Amino acid sequence: MVTSGGTKGYELSTDPDRLDVERVHRWLSTDAFWALGRSRKTVEDAVRGSLNFGIYDADGTQAAYARVVTDRATFAWLCDVYVAPDHRGRGLGTWLATAVRDHLAPYRLKRILLTTLDAHAVYAKAGFIAVPDPETFMTLSAEQ
């Protein structure tokens, strides 16, 4: 999927060959609080095992990234959403979330999840809501 209709001067693509994995690794491992210190190998493995979304500016430089872990049948997890600091404030995060939602719609998934500490309004614009029944969710973390 390639589209240029979301934000003027940008193009969104799901082509994994277009990703600047070095840039994505730098963003995540040095600036994304949830992924600080993440190794290059982990980023490469995650990219390989996921559905990836990149946004590119007019000169082709990657400006944003998101990935989705999904079975394409029942469930998806939207994660590692990152917009480069010099491209923030232009609606790219909302465009990414909306593109993910629209891309996954044909699969008729039961649930698409994400977690966020501070971008609730961005995801709400794409239709995401707070978990209506948080008491039913559990997690198993490597830090436990």
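Residues numbered from 1 in each chain as written. Predicted model: local features only at pLDDT ≥ 70, side-chain atom pairs only at ≥ 80, totals over all residues. Heavy atoms only, no water.

1. So, helix α1 (residues 21-31)
Just so we agree on the cut-off: Burial classes follow relative accessibility: with a 1.4 Å probe on protein chains only, a residue under 20% of its type's maximum area counts as buried, one over 50% as exposed, and anything between as partly exposed. Numbered from the N terminus, helices here are DSSP runs of H or I no shorter than four residues, and strands are runs of E no shorter than two. Any two residues whose heavy atoms approach within 4.5 Å are treated as being in contact.
For α1, every residue scored as buried is listed here: V21, V24, H25, W27, L28 and S29. Looking at the packing, one finds that the buried side of α1 touches α2 (40-48), β4 (62-70) and β5 (75-83).

2. Some thoughts on α2
Note the cut-off: Directions drawn from the helix axis to the C-beta atoms are what define this arc.
Among the residues of α2, V43, A46 and V47 are the ones counted as buried. Down the axis of α2, the sector holding all buried residues measures 100 degrees, keeping them to one side. Residues of α2 that are exposed and point over 90 degrees away from its buried face: K41 and R48. Contact partners of the buried residues in α2: α1, β3 (51-56) and β4.

3. What to know about the pairing of β3
Put simply, the rule is: When DSSP locates at least two bridges between a pair of strands, those strands are taken to pair.
For β3, the buried fraction is high: six of the six residues fall into the buried class. Along β3, one buried face is formed by L51, F53 and I55 and the opposite face, lined by N52, G54 and Y56, is buried too. Note: β3 against β4, six bridges, orientation antiparallel. Residue F53 lies in a different strand from β4, and its bridge partner there is A66. The turn joining β3 and β4, which pair antiparallel and follow one another in sequence, is formed by five residues; a positive phi near 90 degrees is taken by G60.

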